[in-house]
Amino acid sequence: MNATRGPERQLEEATLSSGPSENRGGTTVAGRSPAQLTWLRLRRDRTAVISGVTLVVLLVIALAAPLIEWMYGIGPQDQFQHALDRYGMPVGPGGGVSGEHWFGLEPGLGRDIFIRMTAGMRTSLLIAFAAATITSALGVVAGTLAGYVGGWVDSSIGWFIDVALALPFLIFALAVVPTVSLRFYGPREAVPAGFQVAVIIGIFAVFGWAGTARLVRGQVVSLREREFVDAARVSGAGLGHILFRELLPNLWAPILVSFSLALPAYITAEAALSFLGIGVLEPVPDLGRMIERSLGYLQTDPAYVFFPGITIFVVVFAFNLFGDALRDALDPRSTR
Amino acid sequence: MGRFLLKRSFSALLTLLAVSVLTFLMFFVLPRDPVTGMCPKNCNPERLERVRQELGLSDPKVEQYLGYIKGIFVGRDLSSAQGGYCDAPCLGYSYVNNEPVSATITRVLPVTISIVVPAAILWLSLGIGLGMVSAVHRGTWLDRAAIGFALTGASLQLYFVGGVLLLAFTYHWGIAPVPHYTPFLDNPVDWAGGLVLAWVALALLFSAIYARLSRAQMLETLSEDFIRTARAKGVPRSQVYGRHALRAAITPLVTIAGLDIGAALGGTVITEITFGLQGLGRTAVDAVRSGDLPTIMATVLVAAFFIVTANLVVDLLYAAIDPRVRLK
């Protein structure tokens, strides 16, 4: 073997060669599963590594928000009115950036922006993950059923997909969220944060499943006629077995990609809802509402607009990059 | 073609009906009492009762719904407090705006159309152009710059971009006027000036998505046999890219563009709020905030109408562009 080649290169060659595993350069190389191949490809992709590491850091920050709070010594509800001038504007450069307040203070209430952002990220990510998981699960079930069973099941699910996709999301959400809250809590009662979060996730679930369902349905229709499905059917496998043991393993790649691209979409959508004032309510910190509040200070305190705005951009950007890289890594035809 | 058109129109109509039933159920069945939301501030019990009577809220729900639908198609009688007879596209009467909802819609719809149509032209030409150029020059710095732009744009938030644009162009440099709407026929220059920031913001975000899509489509097309054949026949490069490849690559984009434009016409909520323009989206937001149910219902329906119509138009366009679809 060529001695200048790195071990990883040899590994890849071993995977690509269809023959039985050979003994090369003294190391035994076994065949690789598609998952291992994907992992290998991801690790080679510089964009994937950078965006992946960024995501892990962001996730850790979001999960460790209470720990960061403790180390930072400031809570998201603490107010620092004394650091504001008499117009309620933070004193100092960049909206009151200092060693004590890393990203400065909110005008008016004087809360610490950095700690509110870490806490806000936790809210956003929690909602996005929950929504993406639920919509993917619903979409996969509906899509596989429609694609595999066909007939009237297919047409009725297809029609539901059409209706779900025809509903104007923002306007509908705008109308439904307050209505549902009003149904369970009176106009004077405070709506608990957990309830509001559940309503938002529910809204995403009602709208989001259709896209995944349509994607999965298309895949299933093309898989349905393949020999391995016929073989399973002839050997007497039940519907559940065919759906979950035969079809589903072949659908992981598109599902994973749509899941990973749904995450930034839900982060964006949740921020948009909060921006419109129907997302997560005060005092729970949230990125979208921070931007909504900050836009009122566009001229007087631009730094307040930029910190949350850029943070949300970085989060969505990293998710988008990683989703793209994952798609390439999962696609056997991609040449990288 | 005729049968195809008929079948698609029928299913579009069915979808719209479903949306209308859903919206109706949502607003008239779900909340405890729609009237409290509908009546402006300082409502006394007598007035509430009168509103309830006028709206026919004590009638069976099915009857209420049928009345609403009948109003849309042939018009219907409303009580005198609601302006008497309501003409054909009757969407009810708003107690908050004190006018028929159809009057509100006809007032705000031109604003949304004026935002969306020029912005769509801008984002389509910019996005597709960029995608084509980067596909043709694959792997060069130009390509990488285009990909970078596309990925950045796809991750930006409209309210943030809008805020930054406003800050820079209106407040800081004073180049662009404060966003406002003047009807095109009154003063085209003022019309464009008042909306240009909204167009730019929308175009920045959407063209990024189209650049990415059209680049991928173009790369796929360029690797196909008919392109090689055309090149081998001696067709000039520019003609191969401009005619043969572009036409094949653009077909899937028509679908997405149609759906995006349809959805945007239903109300560019965030854009309108960010730039303070009173279009369909902002009207919907205002209606929700003031609990103006007839207006909420109307905006949802109009938005759904645009989405469904866009779907239909896209299907027909698709058949017109791609001969393979027509054969089926």
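Conventions and cut-offs
Residues numbered from 1 in each chain as written. Chains lettered and ligands numbered in written order. Predicted model: local features only at pLDDT ≥ 70, side-chain atom pairs only at ≥ 80, totals over all residues. Helix = DSSP H or I, 4+ residues; strand = E, 2+ residues; numbered from the N terminus. Contact = placed C-beta atoms within 7 Å. Buried ≥ 20, exposed ≤ 12 C-beta atoms within 10 Å, placed from the backbone. Nonpolar A, V, L, I, M, F, W, Y, C, P; charged D, E, K, R; others polar. Expected span 1.5 Å × (residues − 1). pLDDT = per-residue confidence, 0-100. Core = buried A, V, L, I, M, F, W, Y, C linked by C-beta atoms within 7 Å. Axes fitted to C-alpha atoms, helices over the stretch in contact; angles between N-to-C directions. Parallel < 35°, antiparallel > 145°, perpendicular 65-115°, else oblique. Left-handed = near helix turned anticlockwise from the far one by under 90°.

It is worth spelling out the overall build of chain A at this point. Of regular secondary structure, chain A possesses 13 helices and two strands. Considering only contacts in chain A between residues 6 or more positions apart, those separated by 24 or more positions represent 68%.

If you tally the helices and strands in chain B, you get 14 helices and four strands. With 328 residues in all, chain B has 40% of them scored as buried. When contacts within chain B are restricted to residue pairs at least 6 apart in sequence, long-range pairs at least 24 apart make up 66% of them.

This part is about the environment of Phe103 of chain A. Residues and elements named next belong to chain A. Tracing the backbone shows Phe103 in the loop between helix 5 (93–96) and helix 6 (113–149). A count of 23 C-beta atoms within 10 Å places Phe103 in the buried class. Among residues more than four places away in sequence, those in contact with Phe103 are Val97, Ile113, Phe114, Met117 and Phe307.

Time to look at the interface of chain A and chain B. Counting residues at the interface gives 33 residues for chain A, matched by 34 residues for chain B. Mapped onto the side of chain A that touches chain B, the elements with two or more residues apiece are helix 7 (151–166), helix 8 (169–184), helix 11 (239–275), helix 12 (287–295) and helix 13 (302–330) of chain A. When residues of the side of chain A that touches chain B are assigned to their parent elements, the largest contribution, ten residues, is made by helix 8 of chain A. Class assignment of the residues belonging to the side of chain A that touches chain B gives a composition of 26 nonpolar, five polar and two charged.

Time to look at helix 7 of chain A. Its 16 residues place the ends of helix 7 of chain A 23 Å apart at the C-alpha level, agreeing with the 22 Å of an ideal helix rising 1.5 Å per residue. Those residues of helix 7 of chain A lying buried are Ile157, Ile161, Val163, Ala164 and Ala166 of chain A.

Attention shifts here to the confidence of the model for chain A. In regions of low pLDDT, the predicted coordinates are not meant to be interpreted in detail. All names here are of chain A. Looking at chain A as a whole, its pLDDT mean stands at 79, while 88% of the residues score no less than 70. The least confident element of chain A is helix 1 (residues 7–16), whose mean pLDDT is 42; the most confident is helix 6, at 89. Confidence drops under a pLDDT of 50 for residues 1–25, and excluding neighbours within four residues, the segment shows 19 contacts in the predicted structure.

What follows is about the nonpolar core. Soluble globular proteins tend to bury their nonpolar side chains together. In terms of nonpolar packing, the biggest core is built from 156 residues, with Ala173, Leu174 and Tyr266 of chain A together with Ala198 of chain B touching the most fellow members. For this core, the element with the most residues is helix 13 of chain A, which contributes 15 residues. In contact with Ala198 of chain B, not counting residues within four places along its chain, are Ile115, Ala119, Pro179, Thr271, Phe275 and Leu277 of chain B.

Residue and element names in this part refer to chain B. Per-chain confidence: chain B averages 82 in pLDDT, with 88% of residues scoring 70 or above. Looking at the elements of chain B, mean pLDDT is at its lowest for helix 2 (residues 34–38), recorded as 57, and at its highest for helix 5 (residues 101–136), recorded as 91. Of the two predicted TM-score estimates for the complex, the pTM is 0.81 and the ipTM is 0.78.

Right, let's get into the packing of helix 7 of chain A against helix 9 (residues 193–224) of chain A. All names here are of chain A. Running from N to C, helix 7 and helix 9 point in directions that differ by 130°, and their axes come no closer than 9 Å. Between helix 7 and helix 9, the crossing angle belongs to the class labelled oblique. Here helix 7 runs over helix 9; the crossing is left-handed. Of helix 9, the residues touching helix 7 (which contributes Ile157, Ile161, Ala164 and Leu165) are Phe207, Ala210, Ala213 and Arg214.

Now for the environment of Met218 of chain B. Residues and elements named next belong to chain B. When you line up the elements, Met218 lands in helix 8 (residues 188–222). C-alpha separation for the pair Met218 and Val136, spaced 82 residues apart in sequence, amounts to 8.1 Å. Discounting residues that sit within four places of it in the chain, Met218 has contacts with Gly131, Met132, Ala135, Ala245 and Ala249.

All names here are of chain A. Within the secondary structure, Thr38 sits in helix 2 (residues 34–44). A residue is classified by how many C-beta atoms lie within 10 Å of it, and Thr38, with 20 of them, is buried. Between the C-alpha atom of Thr38 and that of Ala329, which follows or precedes it by 291 residues, the distance is 5.2 Å. In contact with Thr38, other than residues within four places in its own chain, are Ala329 and Leu330.

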